[in-house]
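Close look at the chain arrangement
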Amino acid sequence: FWLKLCVATVAAPLVPRRSAMGQACCCNGTQTLDGAGFVSDKALARIRHCAAHSSGSASFSAPRSSDNVTKDECMFSFATPFSREGLYISLRSHMAVGSDYVQIDRKRQGEADGFSLYLHRRLKRVPKAKGSEDSAQPHRMAVGVEGGFDANADTFDIQEDLRLAVFGPAGQGDTLFPEFVPLDHKELPENVVQVCNAIAQHEGADVRENVDAWDAEMEKRPSKYAKGLPQLTPTRKVSPNPKDWRCEKSGASENLWLNLSDGFIGGGRRFYDGSGGSNGALDHYLEEKAKGNIFPLVVKLGTITPRGADVFSYAEDEDDLVIDPYLADHLAHWGIDSMKMEKTDKTMAELEVNLNKEHDWSKIVEEGESLDQVCGPGLVGLENLGNTCYINATVQLIATLPEFRSRYADDDGTLRLSAPQDVPRDMVAQMAKLGNGMLSPRQADDSKESGWAIDPLSPAMFRRLVGAGHPEFSSSRQQDAAEFLQHFLDLLGKAERAAVGASRLAPGSVSLAQLFEFVVEDRFQCQGSGEVAYKSRSGENILRLPVRLEDATNREEVDAWRRAHPADTKPADEKAGAAAKKDAKAAEGPTLVIPVEACLSRVVAAEDGVTFRGRGCSKTVRLATMPRYLAVQVQRYYLDEKWNPCKLDCRVPMPDELDLERLRGQGRQPGETEIPEESEPRAGGGAASGVGEDAEHLAMLIGLGFSDPQARAALRASGQNPDRAAEWLFSQEDLDAAVAQVEAERQAAVSGTEPVEDGPGRYELVAFISHVGRNTGCGHYVCHAKRESAPERTGWAIFNDTKVAMSASPPTDL
């Protein structure tokens, strides 16, 4: 959840983005893009000139496979090759820009007064023929791989058009309107053709970062119990006929698993709500384990084919789908020839695929409501790039802040155009690009089609930047939104402080991250003498509310309903099962309700048995300051006895307004006696001002040909690791700008941290993120936020990736 101070705000009018920078380059689509192919002698002469003088600052070269090439997204805007005017990829920098930014890019590269060559790339969607093999339904729980979900799947084939664009000097007409030359023109210089072909064939940053690819099958691991698995002497063979299979405990005929050690057939797991299987297979494993028999591996009957089957390990240290390298032999022991078996039941991956195909997540969040789709400034969706809903929801939540809108609308492009050469890796520039795209009236003005997905942005460049170097956020696995929020605020705070130091942001500007930070007051009281001590913890940015089921106010009601509606595990035919599910849905029972006041009480409750300064103390926590924006995490997740992340089945209603003044710390009070400080010897003899650069490391880097300031900046940027520092130095495209940014961050740190804001502790709910799923490793994130874009669009909106709608019933208790 996201809470804001109850302060009145006035929405400033948004200015259309058709500013001077938007007039820099506007290509004539009919003449230049779809012309007859005539090439003038002047254009060929300019190309030869560029090819002959390709050296020094004007050099261009073919990119290597390891080089960074952006050809799918403009580095300043969200223009793509599918945009009406396509993208222009510089033969010098290998970076792409939209038509509005070509002249700006030329000036940044020092080519405004000369000739410039760009590879023009435009993609076009062509409807596929009916019955095309490409329209096959997914059968694997995967994204971006064969047989799985296609993150960009639709009913079109893609046609690519590539041409060389030639721009003339400033002051001439062809500065704005380039001349296009086909890449197969016989008079093109060989080095120009080589560079164009290398860019065209390069996989690009999107593919190289593997944003879209994720395959659940790749996350399976071979079970350590498979080799040497005990198998009892068979007293019977398992019938190959699925009609003969029954759970040996309940008689159920669906969702059946064969224990590979003793041949027992049992039903799959039963979930907390009574759904799932009969639980016979798991119960049998636990019964045998109690006898000292370890029979952990089971295979799902009906999924056995010559290619394999679903195998699950009940062992506490695995407890997941696994790979059995000896599966064929283990099945043969029970008379099953996997080469002759045919699939008769859905695999676990297919069940999850169906869930992802059929669920409309917005209806899950607001089931039964008719949602009115909207678009416009502040109401722009974001594409899911492969398990990136947690990023999208967090961005929409940040976009609620008026400070975000005022700083990053970037109407005149100042923040983007003041970025160093490596724009895709500049956080401030990418935030401005994101803000301009989300707040731009043009984003909605060009939208005429019907349906949910109206003008969504594809934040691939932003996603790569915030995930770079992070083992989790750089992957395509689902992540926890609260953890990502903290990671994102940390990156943003560092970047904005550096931007202030580099005069890109106004002096004294406070970072957005600072608006969420607060100071925590820890009070320790000696349980023997009554003496006290106070300690402050700064840099906190999320208030975590512990949730305990014993705090539920309707426990008796829920228990009574569950006793009256025991789980029905008896077998039923397909039609009866469907009817039962429908009836169960219609008569859904009550859920435990835990008031937020109970959670807050646990935050401030005394914790006994804490050791502080060698004494047994009780500890209480209060808020020493109240931030402008307070992020609150309702902690419904916990680790069970098997260390698996689970989610509490309960609701915590969040009020529209919340007064937290009673949580404010008061500091040491009159009459309180301080616990004496312990005399602690100072370790080491280092200076208190911090860690300096090692002389040997500096000498090594300087010996590689770098200056002293460059070597020091590299060591600071890489945590004083000389190997990483050398890699950092060689990887910078604009080394001077990168060194300046590191120095700006250092100066900001030396000058002291920004003052922590402290205001009244009264808050209004303005946005929240909901998670649908049983744990953080799966499911889906959706954001609800208040928007005030227009009188008819004021109120709560739901942001479900590309889908944006006005919210009918915001689920503030999920």
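Relevant structure appears above.
Residues numbered from 1 in each chain as written. Predicted model: local features only at pLDDT ≥ 70, side-chain atom pairs only at ≥ 80, totals over all residues. Heavy atoms only, no water.

Remarks on the overall build of the protein chain
Regarding its fold elements, the protein chain presents 23 helices and 30 strands. Going through the 814 residues of the protein chain one by one, you find that 48% of them count as buried. Look at the contacts in the protein chain between residues 6 or more apart in sequence, and 72% of them connect residues 24 or more apart. Accessible area of the protein chain: about 40000 Å², with a carbon and sulfur share of 50%. (Helix = DSSP H or I, 4+ residues; strand = E, 2+ residues; numbered from the N terminus. Buried < 20%, exposed > 50% of the residue type's maximum accessible area, 1.4 Å probe, protein only. Contact = heavy atoms within 4.5 Å. Areas by Shrake-Rupley, 256 points an atom, 1.4 Å probe, with all protein chains shown as cover.)

Things to note about the pattern of salt bridges
One pass over the full model with this rule turns up 36 salt bridges. The salt bridge involving Lys433 is made with Glu73; its shortest N-O contact spans 2.5 Å. Within this pair, whereas Lys433 is found in helix H13 (residues 427–439), its partner Glu73 is found in the loop between helix H2 (41–52) and strand S2 (87–90), the two being separated by 360 residues in sequence. You can call Lys433 buried: its relative accessible area is 1%. According to the relative accessible area criterion, Glu73 is buried, its value standing at 5%. The residue Glu403 makes a salt bridge to Arg628 at a minimum N-O spacing of 2.6 Å. In this pair, Glu403 sits in helix H11 (residues 402–408) while Arg628 sits in the loop between strand S21 (615–623) and strand S22 (629–635), placing the two residues 225 residues apart along the sequence. (Salt bridge = Lys/Arg side-chain N within 4 Å of Asp/Glu carboxyl O.)

Some points on the sheet that holds strand S14 (residues 320–323)
The strand order S9-S14-S13-S12-S10-S11 describes an open sheet built from six strands, whose pairing is mixed. Since the sheet does not close on itself, it has two edges, and those belong to strand S9 (221–222) and strand S11 (265–267), each with one partner. Bridge count between strand S10 (residues 256–259) and strand S12 (residues 297–300): three bridges; the pairing is antiparallel. Considered in S12, the bridge of Leu258 is made with Val299. Running at roughly 120° to S11, helix H6 (residues 280–290) makes contact with S10 and S11 of the sheet. (Pairing = 2+ DSSP bridges. Axes fitted to C-alpha atoms, helices over the stretch in contact; angles between N-to-C directions.)

Brief notes about the nonpolar core
Membership of the largest hydrophobic core comes to 54 residues, with the highest contact counts inside it found for Phe404, Tyr408, Met427, Met431, Phe462 and Phe488. When near neighbours in sequence (up to four residues on either side) are disregarded, Phe404 contacts Ile398, Ala399, Ala409, Met431, Gly435 and Leu512. Tyr88, Tyr118, Val181 and Ala419 belong to the second largest nonpolar core, which has 41 residues in total. (Core = buried A, V, L, I, M, F, W, Y, C linked by side-chain atoms within 4.5 Å.)

Describing the packing of helix H20 (residues 695–703) against helix H21 (residues 708–717)
How two helices pack is summed up by the angle between their axes together with the distance between the axes. Packing of H20 against H21 leaves a shortest axis separation of 9 Å and a crossing angle of 120°. One element, H20, and the other, H21, form an angle in the oblique class. Pair H20 / H21 crosses with right-handed handedness. Contacts between H20 and H21 pair His697, Leu698, Leu701 and Ile702 from the former with Asp708, Ala711, Arg712 and Leu715 from the latter. Across the contact of H20 with H21, the residue classes break down as five nonpolar, one polar and two charged. (Parallel < 35°, antiparallel > 145°, perpendicular 65-115°, else oblique. Left-handed = near helix turned anticlockwise from the far one by under 90°. Nonpolar A, V, L, I, M, F, W, Y, C, P; charged D, E, K, R; others polar.)

Concerning the side chain of Glu672
Note that Glu672 resides in the loop between strand S26 (657–659) and H20. Overall, Glu672 belongs to the buried group, its relative accessible area being 18%. Reaching out from Glu672, the side chain makes a polar contact with the backbone nitrogen of Gln669 at a distance of 2.9 Å. Other than its neighbours up to four places away in sequence, Glu672 contacts Arg523, Val532, Tyr534 and Gly667. (Polar contact = N/O pair within 3.5 Å; in protein donor to acceptor, adjacent residues only side chain to side chain.)

Focus: the environment of Pro420
For Pro420, the position within the fold is in the loop between helix H12 (414–417) and H13. Each C-alpha atom of the pair Pro420 and Gln741 lies 9.2 Å from the other, and the pair is 321 residues apart in sequence. Residues in contact with Pro420, not counting those within four places in the same chain, are Arg108, Asp426, Arg504 and Ala737.

Examining the packing of aromatic side chains
The final tally for this structure, using the stated rule, is 17 aromatic pairs. With a centroid separation of 6.4 Å and an interplanar angle of 35°, the aromatic rings of Tyr88 and Phe180 are classed as tilted. One end of the pair, Tyr88, is in strand S2; the other, Phe180, is in strand S7 (residues 179–182), and 92 residues separate them in sequence. Owing to a relative accessible area of 0%, Tyr88 belongs among the buried residues under this scheme. When its relative accessible area of 7% is taken as the criterion, Phe180 is described as buried. Seen from their ring centres, Phe524 and Phe612 are 4.1 Å apart, and the 5° between their planes marks the pair as stacked. With Phe524 in strand S16 (residues 518–526) and Phe612 in strand S20 (residues 607–612), this pair connects stretches of sequence that are 88 residues apart. Classification of Phe524 by relative accessible area gives buried; the value is 8%. (Phe/Tyr/Trp six-rings, centres within 6.5 Å; stacked < 30°, edge-to-face > 60°.)

Overview of unusual backbone geometry
Phi is positive for Asn279, which is not a glycine, with a value near 70°. Along the chain, the position of Asn279 falls in the loop between S11 and H6. Classification of Asn279 by relative accessible area gives buried; the value is 11%. In this structure, Asn387 takes a positive phi of about 60° despite not being glycine. Mapped onto the elements, Asn387 comes out in the loop between strand S15 (372–373) and helix H10 (389–398).

Notes on the pairing of S14
With two bridges connecting them, S9 and S14 associate as parallel partners. In the strand pairing of S14, Arg221 is matched with Val322. Bridge count for strand S13 (residues 311–313) against S14 is three bridges, and the pairing is antiparallel. Residue pairing across strands places Ser313 opposite Asp320, the latter belonging to S14. Remark: six residues form the turn of the hairpin made by S13 and S14, two consecutive strands paired antiparallel; Asp319 in that turn has positive phi of roughly 45°.

A few points about helix H16 (residues 481–501)
An ideal rise of 1.5 Å per residue puts 30 Å on 21 residues; H16 measures up with 30 Å between its terminal C-alpha atoms. Measuring from the side-chain oxygen of the N-cap residue of H16 to the backbone nitrogen of Ala482 gives 3.2 Å; that N-cap residue is Asp480. Positive phi shows up at Ser503, right after H16, with a value of about 65°. (Expected span 1.5 Å × (residues − 1).)

Remarks on the environment of Ser503
Here Ser503 is to be found in the loop between H16 and S16. Under the relative-accessibility criterion, Ser503 is labelled exposed at 63%. For the pair Ser503 and Ala744, spaced 241 residues apart in sequence, the C-alpha separation works out to 9.6 Å.

Considerations on the sheet that holds strand S17 (residues 532–540)
The four strands lie next to each other as S17-S16-S21-S20, forming an open sheet whose pairing is antiparallel. Strands with a single pairing partner mark the edges of an open sheet, and in this sheet they are S17 and S20. The mean angle between the axes of side-by-side strands here comes to 40°, regardless of whether they run parallel or antiparallel.

What about the packing of H13 against helix H15 (residues 460–467)?
Relative to each other, H13 and H15 sit at 145°, their axes nearing to 10 Å. In the crossing of H13 with H15, the sense of the turn from one axis to the other is left-handed. Residue-level inspection shows Met427, Gln430, Met431, Lys433 and Leu434 of H13 in contact with H15, the latter providing Met461, Phe462, Leu465 and Val466. Taken together, the residues of the contact of H13 with H15 break down into seven nonpolar, one polar and one charged.

These figures come from the coordinates and say nothing about function on their own.
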